[in-house]
Amino acid sequence: STNKYQVSVHTQPNSDQFLLVMKGAPERIIARCTSMYKDGKVVEMDQSDIDQYTENNKTLGKKGERVLGFCTLALNPAEFPAGFTFETQPPNFPLEGLTYVGLMAMIDPPRAAVPAAVEKCR
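From a predicted model like this one, the values you see are computed outputs, not experimental measurements.

### Let's talk about the overall build of the protein
What the protein contains, in helices and strands, is three helices and six strands. The order of helices and strands in the protein, counted from the N terminus, is β-β-α-β-β-α-β-β-α. The C-alpha radius of gyration computed for the protein amounts to 18 Å, which surpasses the reference 14 Å derived for 122 residues by more than 25%, pointing to a less compact arrangement than a globule. Within the protein, buried positions represent 25% of all 122 residues. Carbon and sulfur atoms provide 53% of the accessible area of the protein, an area that totals close to 8400 Å². In the protein, which carries 13 positive and 14 negative side-chain charges, the distance between the mean positions of the two groups comes to 11 Å.

### Concerning the packing of aromatic side chains
Going through the model one piece at a time under the given rule, you end up with six aromatic pairs. Their ring planes at 85° and their centres at 4.9 Å tell us that tyrosine 53 and tyrosine 100 sit as a pair that is edge-to-face. With tyrosine 53 in helix α2 (residues 47–62) and tyrosine 100 in strand β6 (residues 98–107), this pair connects stretches of sequence that are 47 residues apart. Look at tyrosine 100 and you get buried, because its relative accessible area is 10%. Ring plane angle 80° and centroid distance 5.0 Å describe the contact between phenylalanine 80 and phenylalanine 84, whose orientation is recorded as edge-to-face.

### Some words on the pairing of β6
Sheet topology places strand β3 (residues 33–38) next to β6; three bridges connect them, and they run parallel. Paired with cysteine 33 across the bridge in β6 is leucine 98. Examined bridge by bridge, strand β5 (residues 65–74) and β6 share eight bridges and lie antiparallel to one another. From the neighbouring strand, glycine 69 faces β6, where its bridge partner is leucine 103.

### Quick notes on the sheet that holds β5
The six strands lie next to each other as β1-β2-β5-β6-β3-β4, forming an open sheet whose pairing is mixed. Here the strands that pair on one side only, and so sit at the sheet edges, are β1 (5–11) and β4 (41–44). Ignoring strand direction, the axes of neighbouring strands in this sheet form an average angle of 35°.

### Notes on the nonpolar core
Met22, Ile29, Cys33 and Leu98 are the most contacted members of the largest nonpolar core, which totals 18 residues. The biggest single contributor to this core is strand β2 (residues 18–24), with three residues. Not counting chain neighbours up to four residues away, the residues in contact with isoleucine 29 comprise Tyr5, Met22, Lys23, Gly24, Tyr53, Gly69, Phe70 and Cys71.

Here is what the cut-offs are and how they apply
Residues numbered from 1 in each chain as written. Predicted model: local features only at pLDDT ≥ 70, side-chain atom pairs only at ≥ 80, totals over all residues. Heavy atoms only, no water. Helix = DSSP H or I, 4+ residues; strand = E, 2+ residues; numbered from the N terminus. Rg over C-alpha atoms; globule rule 2.2 N^0.38 Å. Buried < 20%, exposed > 50% of the residue type's maximum accessible area, 1.4 Å probe, protein only. Areas by Shrake-Rupley, 256 points an atom, 1.4 Å probe, with all protein chains shown as cover. Lys, Arg positive; Asp, Glu negative; His and termini not counted. Charge placed at Lys NZ, Arg CZ, Asp CG, Glu CD. Phe/Tyr/Trp six-rings, centres within 6.5 Å; stacked < 30°, edge-to-face > 60°. Pairing = 2+ DSSP bridges. Axes fitted to C-alpha atoms, helices over the stretch in contact; angles between N-to-C directions. Core = buried A, V, L, I, M, F, W, Y, C linked by side-chain atoms within 4.5 Å. Contact = heavy atoms within 4.5 Å.

Here it is in structure tokens:
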């Protein structure tokens, strides 16, 4: 996709607050975050946090793994009450100022057609 992220909004059990969650390309995720979880608390991100994030992403990517970033935001119930209709074009909910949650890496083997395509290019 052109956005290189996927976002969804969820209701939370026993709460009137919606939770926005986003996953996607690590560079797209970190660019949307201003805070992060550290030692179980939400704290503002600083340059050293961004540098560590970048290093972790590079380390995982060099292993040939597919890396995804994750972030979240609890939406203010005064702005997004129960029954609020979320729209995507254009989005009527925040996509910036999110809280970084973490990275996940997974083995992403080539599709079955890839070896033949590589051979054809040679």
